[in-house]
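# Coordinate inspection notes
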Amino acid sequence: MTVLALVLSGCGADLGGPCSATEPCSEGVCDLTNPGGGECVDADGDEDGDGIPNKRDFCQHEMGGEYDEDLDGLGDICDACPIAPPPAQADSDGDEVDSPCDPDPSTKGDRIVVFDGFNSGALPMGWKSTMAWTFQGGEAVVTPGSPTAVETLSAPLPLVSSHIAVLARWRVDRVDTAATENAVRITAIDQRPAGTTTIACGSSRVAGTDRLVVDTGISSAQDTVDGLFDPASLYRGALKIDGAQAQCALIADRDAGAAQAMTSGENMTQAGLAAKGATIRFGYLLAVQRP
Ligand SMILES: [Ca+2]
Ligand SMILES: [Ca+2]
Ligand SMILES: [Ca+2]
Ligand SMILES: [Ca+2]
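The structure contained in this document is the topic of the report that follows. (Residues numbered from 1 in each chain as written. Chains lettered and ligands numbered in written order. Predicted model: local features only at pLDDT ≥ 70, side-chain atom pairs only at ≥ 80, totals over all residues. Heavy atoms only, no water.)

Moving on, we come to the sheet that holds strand β11 (residues 209-215). Two orientations exist for strands paired in a sheet by backbone hydrogen bonds: parallel and antiparallel. Overall, antiparallel pairing links the seven strands, which are arranged β4-β7-β16-β9-β10-β11-β12 in an open sheet. Two strands in the sheet have a free side with no partner beyond their single neighbour: β4 (128-129) and β12 (220-224). Judged from the two bridges that link them, β4 and strand β7 (residues 150-156) form a sheet pairing that is antiparallel. Directly across from Ser129, in β7, lies its bridge partner Leu153. (Pairing = 2+ DSSP bridges. Helix = DSSP H or I, 4+ residues; strand = E, 2+ residues; numbered from the N terminus.)

Attention now goes to the coordination of the calcium ion (ligand 1). Coordination of the calcium ion (ligand 1) by the protein involves Asp46 (OD), Asp48 (OD), Asp50 (OD), Ile52 (O) and Asp57 (OD), with metal-donor separations of 2.2 to 2.4 Å. Binding-site remark: the calcium ion (ligand 1) is held by donors from one chain whose sequence spacing is D-x1-D-x1-D-x1-I-x4-D. Judged by its relative accessible area of 3%, Asp57 is buried. (Donors = N, O, S within 2.8 Å, 3.2 Å for Na, K, Ca; no water. Buried < 20%, exposed > 50% of the residue type's maximum accessible area, 1.4 Å probe, protein only.)

This part takes up the coordination of the calcium ion (ligand 2). Those protein atoms acting as donors to the calcium ion (ligand 2) are Asp48 (OD), Asp50 (OD), Asp57 (OD), Asp57 (OD), Cys59 (O), Glu62 (O) and Gly64 (O), and they sit at 2.2 to 2.6 Å. Read N to C, the donor residues that coordinate the calcium ion (ligand 2) are spaced as D-x1-D-x6-D-x1-C-x2-E-x1-G. Distance-wise, the calcium ion (ligand 1) is placed 4.1 Å from the calcium ion (ligand 2), both being coordinated by Asp48. A residue pair is termed long-range when its members are at least 10 positions apart, and Asp48 in the loop between β2 (39-41) and β3 (111-116) and Cys59 in the loop between β2 and β3 qualify at eleven residues.

A few words on the state of the cysteines. Enumeration over the complete set of coordinates arrives at five disulfides. The residue that forms a disulfide with Cys19 is Cys30, at a sulfur-sulfur distance of 2.0 Å. Across the disulfide from Cys19 to Cys30, rotation about the S-S bond amounts to roughly 90 degrees, and the bridge is consequently right-handed. Of this pair, Cys19 sits in the loop between α1 (2-10) and β1 (29-31) while Cys30 sits in strand β1, and the two are eleven residues apart along the sequence. You can call Cys30 partly exposed: its relative accessible area is 23%. Disulfide pairing places Cys59 opposite Cys78 at an S-S distance of 2.1 Å. The S-S bond linking Cys59 to Cys78 shows a torsion near -95 degrees; that makes this disulfide left-handed. Within this pair, whereas Cys59 is found in the loop between β2 and β3, its partner Cys78 is found in the loop between β2 and β3, the two being separated by 19 residues in sequence. A residue is classified by how much of its surface remains accessible, and Cys78, at 22% relative accessible area, is partly exposed. Numbered by order of appearance in the sequence, the disulfide-linked cysteines of the chain pair as 1-3, 2-4, 5-6, 7-8, 9-10. (Disulfide = S-S within 2.5 Å.)

Written out as structure tokens, the structure reads:
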């Protein structure tokens, strides 16, 4: 016991002392976003006075910060890439969006405009969805109401731009064998009084064949990828639109694929998710825009 006590007291700093993601505090919690470098602060205090005590506040210098999707100690709203820990290589274009969130790491100006890890247990403020969605266990769960229903969820985009990346991660809970198509889609939508354009990127299973499909409304492309509806696999997908070109990439546990198609170059107003003929659990939705 004495040895253990000595070891414990010998590692980590006291309140006011330095700390980092790999060097925790011996007293209090580490404020990783302190401008002068990580600093040990009182666990029950409230550095930024936002009502969230330091021990549950992962953004100690701005309002909010109670959720940390990737568990790297940086809250979702103050993390340069809320879906992955800080990369070994510094942000090369200096726009404060880190890889793998930065769709164009050599061009400055990207901004994370939408992120939700579905940890609040409710539809995020300002978003819209059909009735088939529930929010539980840090996931947005969609259970389509019928084999033909396309269930959607969408978030508004703040910038008028045709440079956008939409990323999501999901698992497949159940495939409805009565549906003629099973589908998971990442979407970008241009909704105007004159009509709606949807650009979609995702998984499709028709007659037992799995494909990655990108569909822009004026053009579509596909790539055959194995095992896109495997309940044991984790899926990550990215839809990237650059001017008049849309690229779709999917990564599964045992395969990956990509395809691209032409778009009419519109500015997208919403980013979203959709599912058809399958119960899907989404882990997050991320959108990055560049003016
Ligand atoms: Ca606080
Ligand atoms: Ca805070
Ligand atoms: Ca984080
Ligand atoms: Ca960057």
